[in-house]
Amino acid sequence: MTTPLDALPLDVLRTRTSTKWATHDADVLPLFVAETDFALAEPIERVLAEALRVGDTGYVPPRTRYPEAFAGFAARRFGWDVDPADVRTTCDVMMGVAELVRAVAAPGDRVVVTPPVYPPFFMVHDEAHTQAVEVPLLEEGGVWRLDLGGIERAFADGAVAMLLCNPHNPTGTAHSAADLAELARIAERHGATVISDEIHAPLGMPGTEITPFLSVSPEAAEVGVAVLSASKAFNLAGLKCAHMVSASPAKRELVRAIPAEVEWRTGLFGIRAGIAAFEEGDAWLDALIARLALNQRLLVDLLAEHVPGARYTPGDAGFLAWVDLAGAGFGHDAAARILAGARVALNPGPSFGAPGAGHVRINYGTGPEILTEAVRRIGRVASS
């Protein structure tokens, strides 16, 4: 049985200078931005320490072992056969998404997004000069699905691409293989491209099957490009490394045509850390997932005890909980009231699109003590 990973103590975490720990005052418990509270995996710490020892802090070379490392990881963790020649690195997932949107859509073109969804999926259109077409997820009893009929109508109405979040942020939904295969058929019928953000894919809960979009069918390989990173699972966002994956000749040429500067922006530390994560990080990742699974169950119990009006269905992947507080009396923007009254920082639901009214996103990638104290504080505000 895998021993769950322990988070770092709060006094150590407060010495960090990243966004999670530097944004708010010291009395605030930060459970918002998608950073986790664990020490680095030992293989990653080792390779970074060696890089510092020898001053290996220059530019990324034209050829690294990173594509082969990811291909091995994808085969072990997902049963996905990736050709290393189809892997190209970039700075981070949203840079990859932005470049791909620009590659497949002209200014003014429409691109499907599926709220509630990661806020940069809306912001990227300012950069790409495209228009977001919202096709909200369907929800029934806490179970979320793609609105495939709505997506087809959007494509028929002229949308040229879709931003897929797989697994979905913030709901944690691992889209089913059947839904992904149907999405691929729909996109192929309309000549549309699916850009799949799969940054949370390594974090599937025990017993959950994560299906990479490109692996689901020949049609998906033809219409899709995936963007991934070790950064969410292994907490490496500051090292700046992600990668784009194609699986067909046409999409391979699309990715290769993206300017070389996009690849140059990859961080060398990110490359080294990503290789270590993908080649040597499985045991650490299993321990992290074991902790996240415990934290999911803990959060269910804590909300039931301290915030009984809350609605939360644990997701299939990741460390982000999508919690409906409308029935707990917090109002439209619950996060603002919670920050002011409970001194707990959460992501506001409305930032994920209109379906986020009354919701918050809670980052439970932390220790059970911090999570418990945060929910107790929220409960005191709810009852006041």
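Below is a summary of the structure that appears in this document. Everything numeric in this text was worked out from a predicted model, so none of it was measured.

### Remarks on the packing of aromatic side chains
Two measures describe an aromatic ring pair: the distance that separates the ring centres and the angle between the ring planes. Enumeration according to the criterion identifies nine aromatic pairs in this entry. Judged by centre distance (5.3 Å) and plane angle (70 degrees), the rings of Phe-70 and Phe-278 are edge-to-face. Linking Phe-70 in helix 4 (residues 66-78) with Phe-278 in helix 13 (residues 268-280), this pair joins segments that are 208 residues apart in sequence. Residue Phe-70 shares its accessibility class with Phe-278, and that shared class is buried. Both rings, one in Trp-322 and one in Phe-352, keep their centres 5.1 Å apart while their planes meet at 65 degrees; by these two values the pair is edge-to-face. Of the two residues, Trp-322 sits in strand 12 (residues 320-324) while Phe-352 sits in the loop between strand 14 (347-348) and strand 15 (359-363), which places them 30 residues apart along the sequence. Residue class for Phe-352 comes out buried when judged on its relative accessible area of 1%. An aromatic cluster of at least three residues, connected via ring pairs, comprises Tyr-66, Phe-70, Phe-73, Phe-78, Trp-80 and Phe-278.

### Concerning the side chain of Arg-377
With respect to the helices, strands and loops of the structure, Arg-377 is situated in helix 16 (residues 368-382). Side-chain polar atoms of Arg-377 contact the backbone oxygen of Asp-27, separated by 3.0 Å. A distance of 3.5 Å separates the side chain of Arg-377 from the backbone oxygen of Ala-342, its partner in a polar contact. Look past the residues within four positions of Arg-377 in its chain and what remains in contact with it is Asp-27, Leu-29, Ala-342, Arg-343 and Val-344.

### So, the sheet that holds strand 11 (residues 311-312)
In spatial order, the strands read 11-12-15-14; together these four strands make up an open sheet with antiparallel pairing. Whereas interior strands pair on both sides, the edge strands pair on one side only; in this sheet they are strand 11 and strand 14. As judged from the five bridges shared by strand 12 and strand 15, these two strands associate in the antiparallel manner. Across the sheet, the residue bridging to Asp-324 is His-359, located in strand 15.

### Examining helix 3 (residues 42-54)
Given 3.6 residues per turn, any residue in an α-helix points the same way as the ones three and four places further on. The terminal C-alpha atoms of helix 3 lie 19 Å apart, and with 13 residues this matches the ideal 18 Å at 1.5 Å per residue to within 8%. Those residues of helix 3 not exposed but buried are Pro-43, Ile-44, Val-47, Leu-48 and Ala-51. Along helix 3, the residues classed as buried sweep out an arc of 125 degrees about the axis, all on the same side. In helix 3, those exposed residues whose orientation departs by more than 90 degrees from the buried face are Leu-52 and Arg-53. Lining the buried residues of helix 3 we find helix 10 (231-234) and helix 13. Just downstream of helix 3, Gly-55 is the residue with a positive phi angle, here 70 degrees.

### What to know about the side chain of Arg-88
Among the secondary structure elements, Arg-88 is positioned in strand 2 (residues 87-90). Among the polar contacts listed, one links the side chain of Arg-88 to the backbone oxygen of Ile-258, at a separation of 2.7 Å. Looking at Arg-88, its side chain comes within polar contact range of the side chain of Glu-263, at 2.7 Å. Setting aside residues no more than four positions away along its own chain, Arg-88 makes contact with Ala-242, His-243, Met-244, Val-255, Arg-256, Ala-257, Ile-258, Pro-259, Ala-260 and Glu-263.

### A closer look at the sheet that holds strand 3 (residues 110-113)
Ordered by their spatial adjacency, seven strands build an open sheet running 2-10-9-8-7-3-4, and the pairing between neighbours is mixed. Only two strands of the sheet have a single partner each, and these edge strands are strand 2 and strand 4 (131-134). Pairs of neighbouring strands in the sheet enclose a mean axial angle of 25 degrees, with direction left out of account. As paired elements, strand 8 (residues 193-197) and strand 9 (residues 224-228) share four bridges and run parallel to each other. Considered in strand 9, the bridge of Asp-197 is made with Val-227. Across the sheet, helix 11 (residues 249-256) lies against strand 2, strand 8, strand 9 and strand 10 (242-245), angled at about 50 degrees from strand 9, the strand it touches most.

### Side note on the packing of helix 4 against helix 13
Here helix 4 crosses helix 13 at 30 degrees, and the two axes come no closer than 8 Å. When the interaxial angle is binned, helix 4 and helix 13 end up roughly parallel. Judged by the sense of rotation from one axis to the other, the crossing of helix 4 with helix 13 is left-handed. On helix 13, the residues touching Tyr-66, Ala-69, Phe-70, Phe-73 and Arg-76 of helix 4 are Ile-271, Gly-274, Ile-275, Phe-278 and Glu-279.

Reading guide: rules and limits
Residues numbered from 1 in each chain as written. Predicted model: local features only at pLDDT ≥ 70, side-chain atom pairs only at ≥ 80, totals over all residues. Heavy atoms only, no water. Phe/Tyr/Trp six-rings, centres within 6.5 Å; stacked < 30°, edge-to-face > 60°. Helix = DSSP H or I, 4+ residues; strand = E, 2+ residues; numbered from the N terminus. Buried < 20%, exposed > 50% of the residue type's maximum accessible area, 1.4 Å probe, protein only. Polar contact = N/O pair within 3.5 Å; in protein donor to acceptor, adjacent residues only side chain to side chain. Contact = heavy atoms within 4.5 Å. Pairing = 2+ DSSP bridges. Expected span 1.5 Å × (residues − 1). Arc of directions from axis to C-beta. Axes fitted to C-alpha atoms, helices over the stretch in contact; angles between N-to-C directions. Parallel < 35°, antiparallel > 145°, perpendicular 65-115°, else oblique. Left-handed = near helix turned anticlockwise from the far one by under 90°.

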